[in-house]
Amino acid sequence: MTTCMEYSPRGRRTRWSVFVSVALWASVIIPRDSLAARHASTGPQPAAPTLPEGLIPPTLEGTISLEYPAELATLDAPPEGEIALRVVIGVRGSPVEVTVTRGLHPQLDALATGVVRAATFIPGTYQGTPVEVAIEINIPVYAPASAPPGAPAATSTEPAGATPSSVARVDESPTSADPLTRATSTPPRTDPPTIQGEAPLQGRVFEAASRRPLSGVTIVVAPADPEDEIGRVRTLRVSPEEAAVQVTSTFEAVTDAEGRFHFQEVPTGKIRVVAVASGMRRVEWIETREADEALSVRYFLEPDGGPRYRTVVEDGVDREEIGRKTLSIAEVATLPGAQGDALRSIQALPGVARPPYGAGLLVIRGAAPFDSAVYLAQHGIPLAFHFGGLSTAVNSDVLESVSFVPSNFDVRWGNAIGGVVSVQPRKGRRDGVHGYVDFDLIDASVLLEGPLHKGSFLASVRRSYIDAILPLVLPEDALQLTRAPRYWDYSLFLDHPLGPGDLSVRFLGGDDQFEFLAYDPNDVDIDDRNRSGARAFVHRADLAWNVKHNGWVFDISPSVRYELGRGQSGGAFDLLVDRKAITGRVSLKGPLSRRTSLEIGSESYLLWYRVNAVSAPIQGSAVPGGESLLGPTTPGSLEDQQVEDLNAFSSTLAVYASATLGEGTRVRVVPGVRITRWGFPMNRVRADPRVRMIWDATDEFSVRVGAGLFSQTPVFQDLTPAFGNPDLSPLRAAHTSLEFFSRLPHELELTVSAFFNSMWDLPAPTDEISLDTDGTTSPVRLRSDGVGRVYGAEVLLRKRLTKSLVGWVSYTLSRSVRAWPTDPRWVPYDYDQTHAVSALAAFVLPRNWRIGGRFRLTSGNPTTPITSAIFDGSTGAYTPIEGPRNSDRLPIFHQLDLRVDKQFYWRYLKLNLYLDLQNSYNRANVEFWSYAYNYQQRAPIRGLPILPSLGARLEF
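All of these numbers come straight from a predicted model, not from anything done at the bench.

**Q** Where do I start with the overall build of the protein in this structure?
**A** When helices and strands are tallied, the protein shows eight helices and 59 strands. Counting every atom, the protein has about 43400 Å² of accessible surface; 58% of that belongs to carbon and sulfur.

**Q** Please explain the sheet that holds strand β3 (residues 55-56) as it appears in this structure.
**A** Sheet strands pair via backbone hydrogen bonds, and the direction of the pair is either parallel or antiparallel. As summarised here, the arrangement of the three strands in space is β3-β9-β10, forming an open sheet in which the pairing is antiparallel. Every interior strand has two partners, whereas the edge strands, β3 and β10 (129-130), have only one. As paired strands, β3 and strand β9 (residues 125-126) are joined by two bridges and run antiparallel to one another. Bridging across to β9, L55 finds its partner in Y126.

**Q** What is the right way to read the sheet that holds strand β18 (residues 260-263) from this model?
**A** Here we have three strands laid out as an open sheet, ordered β18-β14-β21, and mixed in their pairing. The sheet terminates laterally at β18 and β21 (295-301), the two strands that pair on one side only. Sheet twist, expressed as the mean angle between neighbouring strand axes with direction ignored, is 20°. Summarising the sheet, strand β14 (residues 201-207) and β18 pair through four bridges and their orientation is antiparallel. Bridge pairing in β18 links Q202 to H262.

**Q** How should the pairing of strand β48 (residues 823-828) be read in this particular structure?
**A** On a regular strand, one side chain projects to one face of the sheet and the next to the other, so that they alternate. By the bridge criterion, three bridges tie strand β47 (residues 805-820) to β48 in an arrangement that is antiparallel. Each residue of the ladder has a partner; that of R818, found in β48, is V827.

**Q** Help me understand the packing of aromatic side chains in this model?
**A** Enumeration over the complete set of coordinates arrives at 18 aromatic pairs. Measuring from centroid to centroid gives 6.5 Å for F261 and Y299, while their planes differ by 10°, and the two rings are stacked. Separated by 38 residues along the polypeptide, F261 in strand β18 and Y299 in strand β21 bring together distant segments of the chain. Chaining the aromatic ring pairs together yields one cluster made of F261, F263, W285 and Y299. One Lys or Arg, R365, reaches over the ring of F755 and ends 4.1 Å from the middle of that ring. Directly above the ring of W413 sits R412, whose terminal nitrogen or CZ lies 5.5 Å from the centroid.

**Q** Looking at this structure, how should I read the side chain of T113?
**A** Among the structural elements, T113 can be located in helix α3 (residues 106-118). A distance of 2.9 Å separates the side chain of T113 from the backbone oxygen of D109, its partner in a polar contact. With near-sequence residues (within four places) excluded, T113 lies in contact with L85, V98 and V100.

**Q** Explanation requested: the pairing of strand β52 (residues 866-872) in the structure shown.
**A** Sheet topology places β52 next to strand β53 (residues 877-882); six bridges connect them, and they run antiparallel. When the bridges of β53 are listed, F871 appears paired with Y878.

**Q** What is the right way to look at empty space enclosed by the protein in this model?
**A** Here the idea is plain: a probe the size of a water molecule rolls over the atoms and shows the empty space left. Scanning all chains against the criterion turns up ten cavities of 30 Å³ or more. In this structure, the largest cavity occupies an estimated 210 Å³ of space. The wall of the largest cavity is formed by 24 residues, among which G351, V352, A353, T812 and A836 lie closest to the centre. Class assignment of the residues belonging to the lining of the largest cavity gives a composition of ten nonpolar, nine polar and five charged.

**Q** How should I be thinking about the pattern of salt bridges in this particular structure?
**A** Side-chain pairs of opposite charge can arise whenever the charged atoms involved come near each other. According to the stated counting rule, one finds 40 salt bridges in the structure shown. Two residues, D502 and K427, come together in a salt bridge whose shortest N-O distance is 3.9 Å. Of this pair, D502 sits in strand β33 (residues 501-517) while K427 sits in the loop between β28 (420-425) and β29 (434-440), placing them 75 residues apart in sequence. Using a relative accessible area of 46% as the deciding quantity, one classes K427 as partly exposed. Put simply, D897 and R856 hold a salt bridge, and the shortest N to O gap is 4.0 Å. Separated by 41 residues along the polypeptide, D897 in strand β55 (residues 893-905) and R856 in strand β50 (residues 849-858) bring together distant segments of the chain. With respect to burial, D897 and R856 carry one shared label: buried. One network of salt bridges, with partners in common, ties together R850, R899, D901 and D916.

**Q** Is there a simple way to think about the nonpolar core in this case?
**A** Most often, soluble globular proteins keep nonpolar side chains buried together rather than apart. Counting residues in each nonpolar core, the largest one holds 32 residues, and the members touching the most others are L343, L399, V402, V421 and W808. Residue contacts for V421: discarding those within four places in its chain leaves L343, L362, I364, A373, V374, Y375, V402, S403 and F404. In terms of nonpolar packing, the next biggest core, distinct from the first, is built from 25 residues, I64, V87, V131 and I139 among them.

**Q** What is the right way to read the side chain of D688 from this model?
**A** Tracing the chain through its elements places D688 in strand β40 (residues 684-695). In this structure D688 comes out as buried when scored by relative accessible area, which is 2%. A polar side-chain atom of D688 sits 2.6 Å from a polar atom in the side chain of R732. In this structure, D688 is in contact with G672, V673, R674, L709, F710, S711 and R732, ignoring residues within four places of it in sequence.

Definitions and cut-offs
Residues numbered from 1 in each chain as written. Predicted model: local features only at pLDDT ≥ 70, side-chain atom pairs only at ≥ 80, totals over all residues. Heavy atoms only, no water. Helix = DSSP H or I, 4+ residues; strand = E, 2+ residues; numbered from the N terminus. Areas by Shrake-Rupley, 256 points an atom, 1.4 Å probe, with all protein chains shown as cover. Pairing = 2+ DSSP bridges. Axes fitted to C-alpha atoms, helices over the stretch in contact; angles between N-to-C directions. Phe/Tyr/Trp six-rings, centres within 6.5 Å; stacked < 30°, edge-to-face > 60°. Lys NZ or Arg CZ within 6 Å of the ring centre and 35° of its normal. Polar contact = N/O pair within 3.5 Å; in protein donor to acceptor, adjacent residues only side chain to side chain. Contact = heavy atoms within 4.5 Å. 1 Å grid on protein atoms, 1.4 Å probe; cavity = no way out; pocket = protein on both sides within 12 Å on 5 of 7 lines; lining within 4 Å. Points joined across faces, edges and corners; volume = space filled by probe spheres on them. Nonpolar A, V, L, I, M, F, W, Y, C, P; charged D, E, K, R; others polar. Salt bridge = Lys/Arg side-chain N within 4 Å of Asp/Glu carboxyl O. Buried < 20%, exposed > 50% of the residue type's maximum accessible area, 1.4 Å probe, protein only. Core = buried A, V, L, I, M, F, W, Y, C linked by side-chain atoms within 4.5 Å.

If you want it as structure tokens, here you go:
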């Protein structure tokens with residue numbers, strides 16, 4: 001096998017590239033007339049360059065086997081050929097990165113990637129120092145029916161002379177290396193054979209606290225000193241040099257997938273047992289065994305601060321969307337400033353503006369929050385955050401990952417002209433019952449998961465207790481709270497195999513509420529005019545059935561949802577919304593040929609709703625998401641209220657199709673189209689074609705280009721007769737994006753993006769009057785005449801989650817502008833932030849400490865200044881006169897958040913204590929301006945001051 005190799009010695013900046021020829025296939029496994037030989041080039045081959053002096057390349061240990069899928073073998077022309085993979089072998093011999101550089105078939109490529117990830121190597125060294133080496137491996141694949149005579153039904157590789165045994169006796173001499181030291185730097189080799197009878201020494205190895213069985217752990221046994229105390233050795237009693245002389249023989253084994261190991265031959269008396277695994281702390285025990293005694297043990301290893309395995313996130317589809325960024329929940333848990341919350345972590349990524357007061361809003365690439373969509377398990381989330389943006393409406397610990405696409409998203413997603421956030425739930429663990437209890441100064445949560453027959457369950461409940469704490473820390477006259485903000489939520493996920501696929505049943509919901517009184521001490525009576533507050537709750541149930549057959553994936557997922565929202569503000573506004581929804585998704589994806597795959601699907605949405613709204617009339621015409629164009633929005637007479645009482649039904653049906661051309665090659669094109677029909681009240685149809693192109697110029701550098709059309713229904717209130725216009729058209733947008741992506745050394749990734757989004761048919765205020773059929777007149781209020789533009793560039797330098805460090809540095813330069821028929825000038829939009837800088841890092845320290853910080857700096861949001869005021873003698877009030885719309889800005893925002901964690905491990909428990917410090921240097925950031933009664937002076941309304949939060953989590 002010809003192997004392309006790159007390596008980087010520790011402490012050196014120089015990177016070398018050489019070509020070497022390494023024989024990794026034994027002739028007894030792959031015959032000489034195998035497919036690899038039949039497809040070999042008959043032309044002259046270039047000579048392999050000489051290896052640099054002192055370089056010892058990595059060597060494969062054990063075997064690599066790829067079992068040909070039965071469903072592909074039954075095809076008329078089963079795919080055959082070679083799969084080329086670029087594999088980075090770490091300093092401990094484990095593959096840390098596997099990339100398909102020349103694919104054969106999506107299913108075969110995935111199998112090849114999996115078996116290579118599971119392989120073990122003797123790590124490469126340069127001048128005696130372990131180095132990280134990148135090699136290229138070519139795996140020949142052929143169908144069982146066409147396999148050469150004598151060849152196995154699976155493609156396998158094994159190094160010549162390898163012995164597939166997990167138990168080996170090593171006789172040491174005074175000049176040999178210490179076997180225990182060797183085990184520390186050498187990864188495990190193979191799984192143990194089946195045990196026949198009871199072995200003299202057998203046991204299992206688990207991860208401490210989580211009790212996960214640990215596979216691939218190297219177990220070394222050697223005679224111990226008779227004076228050694230039985231039990232765990234907290235410190236090594238001898239140096240490696242002394243051990244090399246004292247130890248005359250060792251026995252070595254490797255744990256299997258269930259964490260089991262066994263020895264058929266071990267010394268009697270006191271023995272020293274050492275367990276070594278990548279990502280785990282090296283541990284040592286002293287045991288004693290009498291002759292003819294079978295000893296059974298259980299060991300628990302502590303993580304050494306970082307993840308044991310590289311985090312691999314799959315959300316069901318490899319879409320290669322432009323700008324797509326995915327965070328595993330393991331990464332989210334380490335990020336400072338986000339408090340382990342999935343959606344709050346998205347707010348630190350480039351392209352996401354900081355919302356006022358840190359509220360629960362996602363402002364993506366200058367679009368309004370309601371112009372972007374958030375999906376949980378393929379269905380929309382009506383309330384992404386709890387009130388105040390303190391946390392995501394779903395406990396992040398029941399999730400697998402969160403993905404963010406700022407624009408040019410796939411045709412699978414729709415009804416958004418901004419960006420899309422996709423949150424993927426996870427399945428419960430099946431290796432026993434596990435869970436945790438977590439509490440801090442804001443809320444408390446309980447989680448429980450475990451096996452259920454052939455499937456699993458995952459349940460979580462969380463409740464805040466701010467309503468209990470605020471009355472204790474705030475003076476009675478600070479805020480007349482009758483019900484402080486509080487929320488609770490629940491999740492119950494059930495997964496079970498059903499027929500040829502997997503069935504998931506999910507129940508989730510939550511409830512948010514707050515209420516306060518604001519009145520003048522001279523008020524005689526307190527009534528609804530003094531009362532403001534809101535309540536919202538949602539309950540939802542999903543089904544999802546996933547079937548894989550012959551390379552095709554079929555998904556069907558219905559969902560039902562009930563929502564109730566109530567809000568009131570000082571008697572000037574009272575709103576009740578009652579909604580019942582049924583949504584459904586069906587999709588089918590699979591290969592059409594070796595280089596082409598197809599996906600088709602549909603999304604439906606049925607909604608029954610009731611709206612009851614009472615509002616004092618508003619002077620002037622309000623701009624959606626902003627102030628009035630004709631003056632400030634001030635309540636009118638309560639005797640002349642506007643009332644909306646509406647019961648209606650609406651439906652939405654979307655179908656989509658996309659193809660991937662050039663699957664498995666360096667150039668891939670993904671054309672697609674989404675067609676959406678909206679029912680009452682719009683009754684419109686829109687077709688949105690989209691296309692993306694991905695060019696992998698090298699293994700480390702790629703270019704992605706995309707363009708497409710996007711449609712979205714107006715927000716609900718804009719379609720009501722009393723507050724908007726039922727004849728509005730769907731909002732439209734055209735996205736264009738260009739992205740450069742590069743993998744750098746040391747697990748770094750650099751992404752540079754440029755984008756331009758154009759929007760039209762936006763709801764815009766109007767002073768038009770319509771003549772009704774009964775001869776009366778009514779204001780039109782809104783028309784689909786608004787236009788907008790968003791353009792800019794983003795840079796992200798990201799450090800992937802590794803043993804000791806995770807984080808990124810990002811910069812966003814953007815401009816979001818709008819124009820209306822009543823004011824055709826391009827003016828900054830309310831959510832425009834020209835500059836945004838974010839730097840975030842979390843470090844793993846010795847003794848299970850972790851510290852992290854997040855620094856943010858952004859331009860202030862646009863604001864409309866008040867230049868003067870006119871006194872109205874009849875009312876005794878001042879009427880403000882505004883300057884040009886959004887012609888001023890708030891001061892620059894900057895803030896530093898810090899987080900410190902300390903973890904304690906026991907066999908069955910883990911305790912994590914943490915301190916999360918928001919706004920650590922107490923920056924008084926200005927969020928709004930508050931004007932005096934005569935508008936001659938203004939004072940800043942500042943954001944939250946320094947906010948510490950102490951918490952603890954006990955896991956079992």
